[in-house]
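# Tertiary structure, described
Chain by chain, the residues:
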Amino acid sequence: MSTTRQVDSMESIVEYSFPQGHLGHLKPEEEEALKNFKERIENELYKSGNVEDEFGYYNDALLLRFLRARHFNVQDAIAQFMATEQWRNANEIDTLYRTIDLEQYEETRRLYPQWTGRRDRHGTPVYVFEVKHLDSKTMSAYEKSAVKTQTMARSDGTTPPKLLRLFALYENLIRFVMPLCTVLSDREYPRTPITQSNNIVDISGVSLRMFWNLRGHMQDASTLATAHYPETLGRIFIIGAPSFFPTVWGWIKRWFDPITTSKIFILSHNDMEATLRSYIDPVNLPKQYGGELDFEFGQGPVLDPATKDVLQWEGSYTDFPHGPIYWTDKGDHIEATAVGHVGNNERHDTVCTVRKIAPRQLPIATPADDLVPITLSDVDNHSSSKVAAAAYSEPQQSQI
């Protein structure tokens, strides 16, 4: 069930730890809130013709992210959802993702959290972020480049170009990484969509001056991400914290709402390996953090065998290319399409397909009629899982 935690003497908050608050694991009152939310959205947005769902973006899993962020208060969730829709439309986020220049997208990807290609013990994607790369020289060059971002999307004129590029990476998380992790059935709750990520944030080698120079950018990015990509964070594990970090933490914790702050864990060197291994199998954890995976910040995803086994490559593709990719639900399979611009040419390549399969039989028997192909939208499938999960033990936060 959901847990209540105290954060820095603030009001107690409710944290929905996976799978609580997700499809298939809703309380009756949460089911009712989702039903009411959908009805309101359909009447106020969908039927008005203001939505074009080219990417299969709108589904119950998405709506639940907004509900969890607002403690299942339907009115508050609607207000946040509508504000996000206005922001997305004003900045043509769908067009941005589809038409961004590939080199500029890749330039941004190399600076920010990157998917390792691996998942944690619940099937949630694991990202790594080395902050030391964001020095003043790099950020200055990046900001100048971002002003000249090549895309067919128009912006609202108020969202900085450097942040719009960053949000193209968020789109990759929700359109490419999460759907792929969702369709993989080798996990405890194979019919519960994956809608979050876990992040290892490495701040070793970062000076106080560097944190100070980055504070404005990090605050703006955090504020917009919390507003428009709610509940996409499972956990943030901060490692390599220097002795002055309590001062930095005093700034950072003001940028997030209490729910997000409760998901940030500052790990000492002595606690790092044991804590990360409790969440992530060592074979899926980079070596520099106590695991066995050869992964260096900056490279592309290193796919695990379970993922490779289900991919059916198309044409000359044998791996996922750089740049934006999205999945389309084709009924019995999903199809990956690579998009973006190369010079003046728009890319629109079918990369691979993944056939949907019934969830793998687990140690606790599941009725045969419960083994059905999963659907990415899962709009009407809210039945509870028959498999009990072993609860994670919460890591201890350093006192700062």
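Remember, predicted model here, so these are calculated numbers, not experimental data.

Moving on: the overall build of the protein. Scanning the protein from terminus to terminus reveals twelve helices and 13 strands. For the protein, the proportion of its 400 residues judged to be buried stands at 54%. When the accessible area of the protein is evaluated, it comes to approximately 17900 Å², of which 50% is carbon and sulfur surface.

This paragraph deals with the sheet that holds strand β6 (residues 233-239). Reading across the sheet, the five strands line up as β3-β4-β5-β6-β7 and stay open at both edges, with mixed pairing between neighbours. Across the chains shown, the open sheet's two edge strands, defined by having one partner strand only, are β3 (114-119) and β7 (264-266). Geometrically, the sheet is characterised by an average inter-axis angle of 20° between neighbouring strands, direction not taken into account. Bridge analysis of strand β5 (residues 197-202) against β6 gives six bridges, and the strand direction is parallel. Across the sheet, residue Val-201 finds its bridge partner in β6, namely Ile-238. On top of the sheet, helix α7 (residues 161-183) reaches β3, β4 (125-130) and β5; it is set at about 10° to β3, its chief contact.

Here we take up the pairing of β5. Counting buried positions along β5 yields six of six residues, so the element is predominantly enclosed. Residues Ser-197, Asn-199 and Val-201 point to one face of β5 and Asn-198, Ile-200 and Asp-202 to the other, with burial holding for every one of them. The pairing of β4 with β5 spans five bridges and is parallel. Residue Tyr-127 lies in a different strand from β5, and its bridge partner there is Asn-199. With helix α8 (residues 208-228) bridging β5 and its parallel neighbour β6, the resulting β-α-β unit is right-handed.

Once that is clear, we can look at the confidence of the model for the protein. Taken residue by residue, the protein gives an average pLDDT of 84. The fraction at 70 or more is 82%. Here residues 1-13 is a poorly scored stretch, pLDDT under 50, and it has 31 contacts once near neighbours within four places are set aside; other chains count. Note that residues 360-400 has pLDDT below 50 and, in this model, 95 contacts with residues that lie over four places away or in other chains.

A few words on helix α2 (residues 60-69). Counting buried residues in α2 gives ten out of ten residues, a clear majority hidden from the surface. Within α2, burial applies to Asp-60, Ala-61, Leu-62, Leu-63, Leu-64, Arg-65, Phe-66, Leu-67, Arg-68 and Ala-69. With a side-chain oxygen lying 3.2 Å from the backbone nitrogen of Ala-61, the N-terminal cap of α2 falls on Asn-59. One or two steps after α2, the chain reaches His-71, where phi turns positive at roughly 55°.

Take the packing of aromatic side chains next. Following the criterion strictly, the structure yields 21 aromatic pairs and no others. Here a set of aromatic residues connected by ring pairs shows up, and it is made of Trp-115, Phe-176, Trp-313, Phe-320 and Trp-327. The aromatic ring of Trp-212 is capped on one face by Arg-215, whose charged end is 3.5 Å from the ring centroid.

This brings us to the side chain of Lys-162. Position of Lys-162 relative to the elements: it lies in helix α7. Classification of Lys-162 as buried rests on a relative accessible area of 16%. Among the polar contacts listed, one links the side chain of Lys-162 to the side chain of Glu-143, at a separation of 3.0 Å. Among all residues touching Lys-162, those that are not within four sequence positions of it are Tyr-142, Glu-143, Ala-146 and His-217.

Let's shift gears to the environment of Gln-196. Among the secondary structure elements, Gln-196 is positioned in the loop between α7 and β5. The spacing of Gln-196 and Leu-173 is 23 residues in sequence and 8.8 Å in space, taken between C-alpha atoms. Beyond its immediate chain neighbours, meaning those up to four positions away, Gln-196 contacts Phe-18, His-22, Arg-68, Thr-124, Pro-125, Met-178, Glu-231, Thr-232, Leu-233, Gly-234 and Lys-263. Here the side chain of Gln-196 touches Glu-231 through a polar contact of 3.2 Å, side chain to side chain.

Rules of the game
- Residues numbered from 1 in each chain as written.
- Predicted model: local features only at pLDDT ≥ 70, side-chain atom pairs only at ≥ 80, totals over all residues.
- Heavy atoms only, no water.
- Helix = DSSP H or I, 4+ residues; strand = E, 2+ residues; numbered from the N terminus.
- Buried < 20%, exposed > 50% of the residue type's maximum accessible area, 1.4 Å probe, protein only.
- Areas by Shrake-Rupley, 256 points an atom, 1.4 Å probe, with all protein chains shown as cover.
- Pairing = 2+ DSSP bridges.
- Axes fitted to C-alpha atoms, helices over the stretch in contact; angles between N-to-C directions.
- Contact = heavy atoms within 4.5 Å.
- Right-handed = clockwise from strand over helix to strand, strands pointing away.
- pLDDT = per-residue confidence, 0-100.
- Polar contact = N/O pair within 3.5 Å; in protein donor to acceptor, adjacent residues only side chain to side chain.
- Phe/Tyr/Trp six-rings, centres within 6.5 Å; stacked < 30°, edge-to-face > 60°.
- Lys NZ or Arg CZ within 6 Å of the ring centre and 35° of its normal.

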